[in-house]
Amino acid sequence: MDHKMIAKQFLITGIIMAVIAMGLSILFRIQLAWPDQNFPFLETFLGKWAEGGRIKSDFYLALVTIHGTIMVFFVLTAGLSGTFSNLLIPLQLGARDMASPFLNMLSYWFFFMACVIMMSSFFIQTGPASGGWTVYPPLSVVAKAMPGSGLGMTLWLISMVLFVASSLMGGINYVSTILNMRTKGMDLWKMPLTIWAFFLTAILGILSFPVLVAGVVLMVFDRSFGTSFYLSDIVMGTDILPNEGGSPILWQHLFWFLGHPEVYIVIMPALGISSEVISVNSRKPIFGYHAMVYSLIGITVLSFIVWGHHMFVTGMNPLLGGVFMITTLIIAVPSAVKTFNYLATLWRGNIRFTPAMLFAIGLVSFFISGGLTGIFLGNASLDINLHDTYFVVAHFHLVMGSAAIFGMLAGVYHWFPKMFGKMMNAKLGYLHFWLTFIAAYLVFFPLHFLGLDGVPRRYYAFTEFEFMKKWLTVNVFVTWAAIMAALAQVAFLFNFFYSIFKGKVSPQNPWESNTLEWTAPVEHLHGNWPGEIPTVYRWPYDYSKPGHDADFIPQTVPFSQTMSSNLPHDFEGNAEAEKIQQDWELANPVAENKG
C-alpha cells in the first residue's frame, strides 16, 4: 500500500494501455491511408474483423472508440495523475504516505479492473463499443443499432463506472493529504506548483466525474429498463421504437459537463510537472509563482462553465452560445499567463537540456500551437463550419494529447531516479524526444488543412467522396509519420525497462533540485524518511540566488544558513527575521552587492 509502489503500478499500467492505444491508432490509420488495399497480416491479427485483409467498417469505428477512451481516461487521466500524484504528493509535502493508504490501493485496483473489462470487449462476439469515445445516443443506447452497441457498450459503461470510482477515491485521498499532512513549515505558498496542479485537478475530478456517472446510470436505464431519457422518435428499418420524450442532447450536456473539465484534468498535472522541470533545468526561480497558482485556480473555475462550446451545432439559443463563447475565450487568459511564465522562466536561464527538459519545452510548444487553434473552435460562428472535422482532431491532439503526453514523459525522465533508484540513458532519451516531437507535428499539423476543407472525422473511407480524394496522399504521409512516432517509442520502452534493471545507480539528488523528495534516501523506505520528517523553511524555487555559493538551496535549509543571499521578500513581513538580516548586512557590507 506504499504510495511509491502504487505510483509505479499506475505508471506501468498506463504505459501498457498507451502501447495498446497507439497500436489501435496505427491500425485505423492504415485503413485511412490505403482504403482500397488488402493487407493479409491484418486478418492474421484481427481474424474475422479484417477478413480478406481489410478492416471492417464496424470494427474501424470500434478501433477509434477504444483508442480515444483509453488515451483520454486510462493513459492521460489515470496514468498521468495516478502516477505522479501518488509519487509526489507525500514526498514533496513531507508526509509518510497518503491520508488513506488502503483507499489509495483500492483506487489502483478499480482502475486495473476498468482496464481489464474494457480490453475484454475485444474478445466477445459482437466486439467492443463503437459509438465514439463520447458514446452519443442513440448508438450507445439502442443495443441493436450496430454490433458495437450491444454487449461491448455494456462493458464500456461498466468499465467507466469502475474508472470513475477509482478517480474519486484517488481524488479524495489527494485533497485530504494535501490539506492535512503537510510537514512543518510547508504552508500553501511554499508548495511546489506540481502539488498545486494535483490539488486543483483532484477537486475538478471530484466535482465533475459524478455527473458522468449520473449520465451513465440514466443510459443503463434506457438500455435495460425501457426508459426514454435520451431517446425519442427512433425508427429502425420498419420498426418504430416506443421511446418518446427523451433527447440525446441531455446526454451531451451531462457528458460535456465532465468532458470539458476533463481536458484540464488531463493537462493541469502536465503543466505542473513542466513548471518543476523547467525551473530546475533553467536554474532560475519560476517566473510569477503566485500568478501561476491563480491561473490554475482560474482554469479550475472557468472549466465548469464552458462545456456548451462543444454543442454549438445542437440548435443552441444564440444568446446562450454567445455566453459560452465568451467564457471559452476568457479561459485563454489564465492559459496564456502560464505560457508567458514558462517563456519568462526560460529567458536567460542557464538551461540544462536534459531529456526531461526537452519534453517540458515540447509541452510548451504544443500548448501554444494547439491552444491557438482553440480560439477558432471557441468562436461559435467558426466552430459551426469546423465542427466534427479533422480540424478538431488536430486541435485536441496537439493541445491535450501531445502536450499532456510530453508532460508525462518529462515527469518520467525527471523522477525516474526517485522511482527506481536508477538513471535512464540520456542519449536514448534525446533520440526518443526528437523523433516523437517531429513525428507529432507531422501527424497533426496537416490535419488542420483537411478540417478547413470540410473533411469529416471518423469516416471509414475517403475514396467514397470525390472532394476528399485529393487528401489521400496526405493521409498516406500522416500514416507514415504515425508509424515513425510509434517506432520512436521503442527507444523509450527499451530505455525504461533496461534502466530499471541495468541502469546506473542514481545519486540522492541528481538534478540538484530544491524540493523535499530529493532529501529522501535513494533506497525506498516505507514512510519515506528515516527518523524525523524534514522541516521546510523556504519556497521551492531558490535557484541561482545572488550571494549564494551554489545555484540551488533546498527547502530544508534555514535562512539563518544563507545570510549572504537572503532577500527582503524571503521573510514575508516577519519583522524579527528582517531585523536579524538587516543587522547581519550592516556587519557584512559586501552582501549589499548581491543583486
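Numbering of residues starts from 1 in every chain and runs along the sequence as written. Restriction of local features to residues with pLDDT of at least 70 applies here, the model being predicted, together with a cutoff of 80 or more for giving and counting side-chain atom pairs; totals for whole chains, interfaces and linings are based on all residues. Hydrogens and water molecules were not included; the side-chain quantities draw on all heavy atoms of the structure.

K.L.:
Any chance you could explain the pattern of salt bridges here in plain terms?
P.N.:
Opposite charge on two side chains makes pairing possible when the charged atoms of those side chains draw close. Whenever a carboxyl oxygen of Asp or Glu lies within 4 Å of a side-chain nitrogen of Lys or Arg, that contact is scored as a salt bridge. For the coordinates displayed, the defined rule picks out 13 salt bridges. We note a salt bridge from Lys470 to Asp453, for which the minimum N-O separation is 3.0 Å. One end of the pair, Lys470, is in the loop between helix H15 (447-452) and helix H16 (472-502); the other, Asp453, is in the loop between H15 and H16, and 17 residues separate them in sequence. Throughout, exposure labels follow a simple rule: accessible area from a 1.4 Å probe, protein chains only, divided by the maximum for the residue type, with under 20% read as buried, over 50% as exposed, and the rest as partly exposed. Exposure remark for Asp453: the relative accessible area of 30% places this residue in the partly exposed category. Among the ionic contacts, a cluster of salt bridges with common partners joins Arg283, Arg352, Glu512 and Asp551. Strands here mean DSSP runs of E at least two residues long; helices mean DSSP runs of H or I at least four residues long; both are numbered from the N terminus.

K.L.:
How should a nonpolar patch on the surface be read in this particular structure?
P.N.:
What makes a patch is a set of residues exposed beyond 30% relative accessible area and free of salt bridges, joined within 9 Å when like-charged and within 5 Å when nonpolar (Val, Leu, Ile, Met, Phe, Trp, Tyr). Accessibility throughout is a Shrake-Rupley quantity obtained with a 1.4 Å probe, and a residue counts as covered only by protein chains that appear here. Taken together, the side chains of Leu329, Leu343, Ile368, Leu372, Ile375, Phe376 and Leu382 present a nonpolar region at the surface, about 580 Å² in accessible area. The leading source of residues in the nonpolar patch is helix H11 (residues 355-378), at four residues. Mapped onto the secondary structure, Leu382 falls in helix H12 (residues 380-386). Judged by its relative accessible area of 37%, Leu382 falls in the partly exposed class.

K.L.:
Please explain the nonpolar core as it appears in this structure.
P.N.:
Formed by 177 residues in total, the largest nonpolar core has its most connected members in Phe74, Phe163 and Phe496. Examining the composition of this core, we find that 21 residues originate from one element, helix H3 (residues 57-93), more than from any other. Residue contacts are defined here by distance: any two heavy atoms, one from each residue, within 4.5 Å place the two residues in contact. In contact with Phe163, other than residues within four places in its own chain, are Phe73, Phe74, Thr77, Ala78, Phe111, Ala114 and Phe209. For the purposes of this section, nonpolar cores are sets of buried Ala, Val, Leu, Ile, Met, Phe, Trp, Tyr and Cys residues that join through side-chain atoms within 4.5 Å.

K.L.:
What is the right way to look at the packing of aromatic side chains in this model?
P.N.:
To describe a pair of aromatic rings, one takes the distance between the centres and the angle between the planes. In summary, the pairing rule links any two rings of Phe, Tyr or Trp, Trp by its six-membered ring, whose centres are within 6.5 Å, and it sorts them by plane angle into stacked for under 30 degrees, edge-to-face for over 60 and tilted for everything else. Scanning the model with the defined rule gives 58 aromatic pairs in all. An angle of 75° between the planes, with centres 5.7 Å apart, marks the rings of Phe445 and Phe449 as edge-to-face. Relative accessible area serves as the criterion here: at 41%, Phe449 is assigned to the partly exposed category. The rule is short: NZ of Lys or CZ of Arg within 6 Å of the ring centre and within 35 degrees of the ring normal puts a charge over the ring. The lysine or arginine in question, Lys48, covers the ring of Trp49, its NZ or CZ lying 4.8 Å from the ring centre. The side chain of Arg538 reaches across the aromatic face of Phe559, ending 4.3 Å from its centre.

By themselves, these are just geometric observations and shouldn't be taken as functional.
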